[in-house]
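# Secondary and tertiary structure notes
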Amino acid sequence: GGFTRLSGTAGPEETMARRRDFHKAVGGVAARHHGTIGHRAGDGVMVIFNDPMPCEEPVLDAVRLALDVRDAWGGLRQPWERLGHSVGIGVGITSGYATLGLLGDEGSADYTAIGNPVTLAGRLCDLAEDGQILIDQRARLDVGARVPAVSQGERAIKGYGHPVVSFAVERLE
């Protein structure tokens, strides 16, 4: 994140170029990991797994994608840092069922998802610190011991009437 803050200090052409680089990198990584870009919004990207292309282990694929994006971010952030700006990246991964389909009107529709897992993933992105990959409890159960993760404990999350447990992923086993 941080593109919104930078938009006020960097020129629009520079901001657009950096966002384009980010979205291009994420799109390439998503394709390699069987993900589908579902929504792009400035400094955010939603990647959907297991629809429309089925995959055996969608959460594991999502974790692999997140690790690759985090690695790629090191080079993508350098132009901003040369200008004196600090821009971070945080990832949220959840597991569950969502409604998927085209949203918009003819000629301007996006393939996207709606539902609790989508909302929670967005909230986890907001909570994630720079370089942090947060997964929810259901995603943690889906990947088991193959993905070491450290509990972040219960956290109050906007829109949820109960605390949510999240886990930070550092690597794959």
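Please read all numbers here as calculations on a predicted model, not as lab measurements.

Our next topic: the overall build of the protein. Across its full length, the protein holds six helices and eight strands. Along the protein, helices and strands appear, N-terminal first, in the series α-α-β-β-α-α-β-β-β-α-β-α-β-β. On the principal axes, the C-alpha backbone points of the protein span a range of 45 × 40 × 35 Å. Here the protein, with 173 residues, has 38% of them falling under the buried criterion. Summed over all atoms, the accessible surface of the protein reaches about 9600 Å², with 51% contributed by carbon and sulfur. For the protein, the separation between the mean place of its 18 positive charges and that of its 22 negative charges on side chains is 4 Å.

Across the protein, pLDDT averages 86, with 94% of residues at or above 70. The element-level mean pLDDT for the protein is lowest in helix α1 (residues 3-7), coming to 52, with strand β6 (residues 133-136) highest at 98.

What follows deals with the packing of aromatic side chains. A complete count under the given rule lists zero aromatic pairs for this structure. Over the ring of Phe167 we find Arg140; its NZ or CZ atom is 5.9 Å from the centre of that ring.

According to the stated counting rule, one finds zero disulfides in the structure shown. Looking at Cys55, it has no disulfide partner, and the nearest cysteine sulfur is the one in Cys125, 18 Å off. Given a relative accessible area of 13%, Cys55 falls into the buried group.

Summarising burial for strand β8 (residues 164-169): six of the six residues are buried, a large majority. In β8, alternate side chains face the same way, and those of Val164, Ser166 and Ala168 on one face and Val165, Phe167 and Val169 on the other are all buried. Sheet topology note: the β6/β8 ladder contains four bridges and is antiparallel. Bridge pairing links Ile135 to Phe167 in β8. Note: strand β7 (residues 149-155) against β8, five bridges, orientation antiparallel. The residue of β8 that forms the bridge with Glu154 is Val165.

Parameters at a glance
Residues numbered from 1 in each chain as written. Predicted model: local features only at pLDDT ≥ 70, side-chain atom pairs only at ≥ 80, totals over all residues. Heavy atoms only, no water. Helix = DSSP H or I, 4+ residues; strand = E, 2+ residues; numbered from the N terminus. Buried < 20%, exposed > 50% of the residue type's maximum accessible area, 1.4 Å probe, protein only. Areas by Shrake-Rupley, 256 points an atom, 1.4 Å probe, with all protein chains shown as cover. Lys, Arg positive; Asp, Glu negative; His and termini not counted. Charge placed at Lys NZ, Arg CZ, Asp CG, Glu CD. pLDDT = per-residue confidence, 0-100. Phe/Tyr/Trp six-rings, centres within 6.5 Å; stacked < 30°, edge-to-face > 60°. Lys NZ or Arg CZ within 6 Å of the ring centre and 35° of its normal. Disulfide = S-S within 2.5 Å. Pairing = 2+ DSSP bridges.

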